[in-house]
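What the coordinates show
The chain contents come next:
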Amino acid sequence: ILLISAHLESGHYFNPHAQRIIEAKRRGAKIIVLDPRLSNTASQADHWLPVWPGSEPALLLAIARHLIVSGRFDRDFVRRWTNWEQYLAAVRPELPRTFEAFEEELGRLYAAYTFAYAAQETGLPEEQIAAVAELIADAGPALAAHNWRASSAGVVGGWLTARCLFFLNVLTGSVGAPGGTSPNAWDK
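Below: a short report on this structure. (Residues numbered from 1 in each chain as written. Predicted model: local features only at pLDDT ≥ 70, side-chain atom pairs only at ≥ 80, totals over all residues. Heavy atoms only, no water.)

**Re the packing of aromatic side chains**
In total, this model carries eight aromatic pairs according to the counting rule given. Look at Trp84 and Phe99: their rings are 5.3 Å apart centre to centre, the planes differ by 80 degrees, and that puts the pair in the edge-to-face class. Placement of Trp84 in helix 5 (residues 84-91) and of Phe99 in helix 6 (residues 99-109) is noted, with a sequence separation of 15 residues between them. Residues Trp84 and Phe99 agree in their burial class; the two are buried. (Phe/Tyr/Trp six-rings, centres within 6.5 Å; stacked < 30°, edge-to-face > 60°. Helix = DSSP H or I, 4+ residues; strand = E, 2+ residues; numbered from the N terminus. Buried < 20%, exposed > 50% of the residue type's maximum accessible area, 1.4 Å probe, protein only.)

**Looking at the sheet that holds strand 4 (residues 145-147)**
The four strands are arranged 3-2-1-4 in an open sheet whose pairing can be described as parallel. With one partner strand each, in any of the chains shown, strand 3 (47-49) and strand 4 form the two edges of the open sheet. Ignoring strand direction, the axes of neighbouring strands in this sheet form an average angle of 10 degrees. By the bridge criterion, three bridges tie strand 2 (residues 32-34) to strand 3 in an arrangement that is parallel. (Pairing = 2+ DSSP bridges. Axes fitted to C-alpha atoms, helices over the stretch in contact; angles between N-to-C directions.)

**A few points about helix 3 (residues 56-69)**
Its 14 residues place the ends of helix 3 20 Å apart at the C-alpha level, agreeing with the 20 Å of an ideal helix rising 1.5 Å per residue. Counting buried residues along helix 3, 12 of its 14 residues qualify, which places the element largely inside the surrounding structure. Buried within helix 3 we find Glu56, Pro57, Ala58, Leu59, Leu60, Leu61, Ala62, Ile63, Ala64, His66, Leu67 and Ile68. Just downstream of helix 3 lies Gly71, where phi reads positive at about 70 degrees. (Expected span 1.5 Å × (residues − 1).)

Take it as geometry only, folks, not as evidence of what the structure does.
And the structure:
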């Protein structure tokens, strides 16, 4: 469970979600929290990453790069549910329209987002970033992720946090999958 910002203490309407998070932890789920402060949520995490405010996208893109370059992303999900063919046609028409060419293009596009880059941007040690990236890679389609207020609403360009977070869901194939991240109305 990858949480960005505070969740467990964020208000009375959020208590059912908080209860599900803790129940999942009791059943063996690992909780990763990106929050500059040691919130109640962070105090329950297996991995608390006190990132510098606004640096969350750098960390998420480094994890995405890890999934791409290590070949640990869900190729079938990405092939089926993204517009990779249209991307190649519009942006890289000189490349063959094959998924393999798109995979190489992904590697090129995200090459700069190394663990070292994320460490510099976030203030976290590379080793901690690598450990969390491995947990996310191992979670596969059972990556449940949620963004809450601070990162997305509290900084200029914060909406990029949500985009980068959902990119991890796409790469892991955890969209609408058991244990993964469901569309808003599915679990109401």
